[in-house]
Amino acid sequence: MVQTKVLPYDAGAIAEAARLIGEGLPVGVPTETVYGLAADATRGEAVARIYEAKGRPSFNPLIVHVLDVGQAETVAEFDVQAQELAERHWPGPLTLVLPLRPGSPIASLVTAGLPTVAIRAPAHPAMRDLLVAAGRPLAAPSANASGRISPTRAEHVLASLGGRISLIVDGGPTGHGLESTIVAVSGGRMRLLRPGPIDLGLDTDTGGGVEAPGQLESHYAPARPLRLDATAAAGDEWLIGFGEVAGDASLSRSGDLVEAAAGLFDRLHEAERQDRPRIAVAPIPDNGIGRAINDRLRRAAAPRS
Ligand code: TXA
Ligand code: MG
């Protein structure tokens, strides 16, 4: 348990929030849609602590928050259509799902290993001040514990995440009270992934289908057979270790679950690049963020249709 401070939004609160972000910790901060739980999007362990605080039993890709199109272009690839949408609606509650830029500084846990990234420039001055003070893109899902409704007031965040995060910046009730519209843009096509405050006139006819979050086309799984709970590798397996199981690579030699979560997708991608045709993974304790790791590993191991 940590002591959760709630500070009214002012320069001091933002400075304190930026200091915590610099330490790799998540902070609650208002956006114009709902309160977000923000952490340094470039550091896997900082992002893992978002999951730890939310107690989310699975890894879903998170939204990256930036100040403007210029900063967004360091993260994602914009075609003409994406550029037009961003120019028209940013800063504001529109999230674009775009190809991840090669060499992008975003930690692989943010995108849950996907080659695309969800990105938006928020309008709320508190989140914008924090982006300036932190000087880097921030990953932020809604600041509620897993299974709870999205928070539109600092009190909601406190009720849900009190004792689990160090700071909530209180900027009063949020304007929209509804999460951002999410649109995937690729190859000249737009698809509405989540309806929200910005109505682009997309529907199932013109947009090609609304997908409920959590069942996106988008779950990364390695294109190789994967065996769980392995304590030793067969001859044709690349073993991803944990703790005492050394393996060919390790999620965490010291058995640290936050470190393991931070590097999970990097280790899986690395395993896919090896010339051994199969992947095995050491047992991961099924507590805390280990539950999310095991959820993702089980899905990756399930036979694909
Ligand atoms: O209004 C908002 O968007 C709030 C505030 C805090 O900015 N954030 C928010 O984040 O709602 P979150 O993590 O609760 O929702 C992220 C959604 C999820 O449904 C996720 O599946 C989708 O974005 N998403 C993220 N990356 C994606 C990707 N690469 N492809 C498809 N969907 C993606
Ligand atoms: Mg949410």
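Please read these numbers as outputs of a predicted model, since none were measured by experiment. (Residues numbered from 1 in each chain as written. Chains lettered and ligands numbered in written order. Predicted model: local features only at pLDDT ≥ 70, side-chain atom pairs only at ≥ 80, totals over all residues. Heavy atoms only, no water.)

## Focus on the pairing of strand β14 (residues 278-281)
Remark: a regular strand shows side chains that alternate across the two faces of the sheet.
Logical step 1: Sheet topology note: the strand β11 (residues 226-227)/β14 ladder contains 2 bridges and is parallel. Opposite arginine 227, over in β14, you have alanine 280 as the bridge partner.
Logical step 2: In the sheet, strand β12 (residues 237-241) pairs with β14 via 4 bridges, with the strands oriented parallel. In the strand pairing of β14, isoleucine 240 is matched with valine 281. (Pairing = 2+ DSSP bridges. Helix = DSSP H or I, 4+ residues; strand = E, 2+ residues; numbered from the N terminus.)

## With respect to unusual backbone geometry
Logical step 1: Here the bond from tryptophan 90 into proline 91 is cis, since omega is -5°, no more than 30 degrees from zero.
Logical step 2: As for its position among the elements, proline 91 is in the loop between α4 (80-89) and β5 (94-99).
Logical step 3: Positive phi is not limited to glycine here, since alanine 112 has a value of about 50°.
Logical step 4: Secondary-structure assignment places alanine 112 in the loop between β5 and β6 (116-120).
Logical step 5: Take alanine 112: its relative accessible area is 2%, and that puts it in the buried class. (Buried < 20%, exposed > 50% of the residue type's maximum accessible area, 1.4 Å probe, protein only.)

## What about the site of ligand 1?
Logical step 1: Taken together, 24 residues sit near ligand 1, with Thr33, His65, Thr116, Arg120 and Ser180 positioned nearest.
Logical step 2: Between histidine 65 and ligand 1, the recorded distance is 2.7 Å, taken from a side-chain N or O atom to an oxygen atom.
Logical step 3: Separating a nitrogen atom of ligand 1 from a side-chain N or O atom of threonine 116 is a distance of 3.0 Å.
Logical step 4: Protein chains shield 96% of the accessible area of ligand 1, which is 690 Å² for the free molecule.
Logical step 5: Where the shell around ligand 1 is concerned, the elements lending two or more residues are β4 (63-65), β6 and β10 (189-194).
Logical step 6: It is β6 that provides the largest number of residues to the shell around ligand 1, a total of 4 residues. (Near = heavy atom within 4 Å. Polar contact = N/O pair within 3.5 Å; in protein donor to acceptor, adjacent residues only side chain to side chain. Areas by Shrake-Rupley, 256 points an atom, 1.4 Å probe, with all protein chains shown as cover.)

## Some remarks on the packing of aromatic side chains
Logical step 1: A complete count under the given rule lists 4 aromatic pairs for this structure.
Logical step 2: Relative to phenylalanine 59, the ring of tyrosine 51 has its centre 4.7 Å away and its plane inclined at 85°; by these criteria the two rings are edge-to-face.
Logical step 3: Residue classification places phenylalanine 59 among the buried residues on the basis of a relative accessible area of 0%.
Logical step 4: Each ring, one from tyrosine 220 and one from phenylalanine 265, has its centre 6.1 Å from the other, and the planes form 70°; the classification is edge-to-face. Residue tyrosine 220 is located in the loop between α7 (204-207) and β11, and its partner phenylalanine 265 is located in helix α8 (residues 257-272); the two are separated by 45 residues in the primary sequence.
Logical step 5: What makes tyrosine 220 buried here is its relative accessible area of 11%.
Logical step 6: Put simply, the rings of Tyr51, Phe59, Tyr220 and Phe265 touch in pairs and so form one group of aromatic residues. (Phe/Tyr/Trp six-rings, centres within 6.5 Å; stacked < 30°, edge-to-face > 60°.)

## Points about the environment of alanine 17
Logical step 1: Structurally, the position occupied by alanine 17 is in helix α1 (residues 11-22).
Logical step 2: You can call alanine 17 buried: its relative accessible area is 0%.
Logical step 3: Between the alpha carbons of alanine 17 and valine 27 there is a distance of 6.4 Å; along the sequence they are 10 residues apart.

## Here's the deal with α4
Logical step 1: All of the buried residues in α4 are Gln81, Ala82, Leu85, Ala86 and His89. When α4 is viewed along its axis, its buried side chains cluster within an angular range of 130° and face the same direction. The outward face of α4, more than 90 degrees from its buried face, is lined by the exposed residues Val80, Glu87 and Arg88.
Logical step 2: In this structure, the buried residues of α4 make contact with α3 (69-72), β5, β9 (181-186) and β10.
Logical step 3: The N-cap of α4, judged by a side-chain oxygen 3.2 Å from the amide nitrogen of glutamine 81 a few residues on, is aspartate 79. (Arc of directions from axis to C-beta. Contact = heavy atoms within 4.5 Å.)

## What about the side chain of serine 58?
Logical step 1: Turning to its location among the elements, serine 58 is positioned in the loop between α2 (44-54) and β4.
Logical step 2: On the basis of relative accessible area, serine 58 is assigned to the buried category, the value being 13%.
Logical step 3: What serine 58 contacts, discounting residues up to four positions off in sequence, is Tyr51, Ala292, Asp295 and Arg299.

## With respect to the side chain of glutamate 16
Logical step 1: Relative to the elements of secondary structure, glutamate 16 occurs in helix α1.
Logical step 2: Residue class for glutamate 16 comes out buried when judged on its relative accessible area of 18%.

## Details of α8
Logical step 1: With 16 residues, α8 should reach 22 Å at 1.5 Å per residue; the first-to-last C-alpha distance of 22 Å fits that figure.
Logical step 2: Largest kink in α8: about 50°, centred on glycine 263.
Logical step 3: Along α8, the positions that sit buried rather than exposed are Leu257, Val258, Ala260, Ala261, Ala262, Gly263, Leu264, Phe265, Leu268, Glu270 and Ala271.
Logical step 4: One side-chain oxygen at the N-terminal end of α8 lies 2.9 Å from the backbone nitrogen of valine 258; it belongs to aspartate 256. (Expected span 1.5 Å × (residues − 1). Bend = angle between axes of the 7 residues up to and from the residue.)

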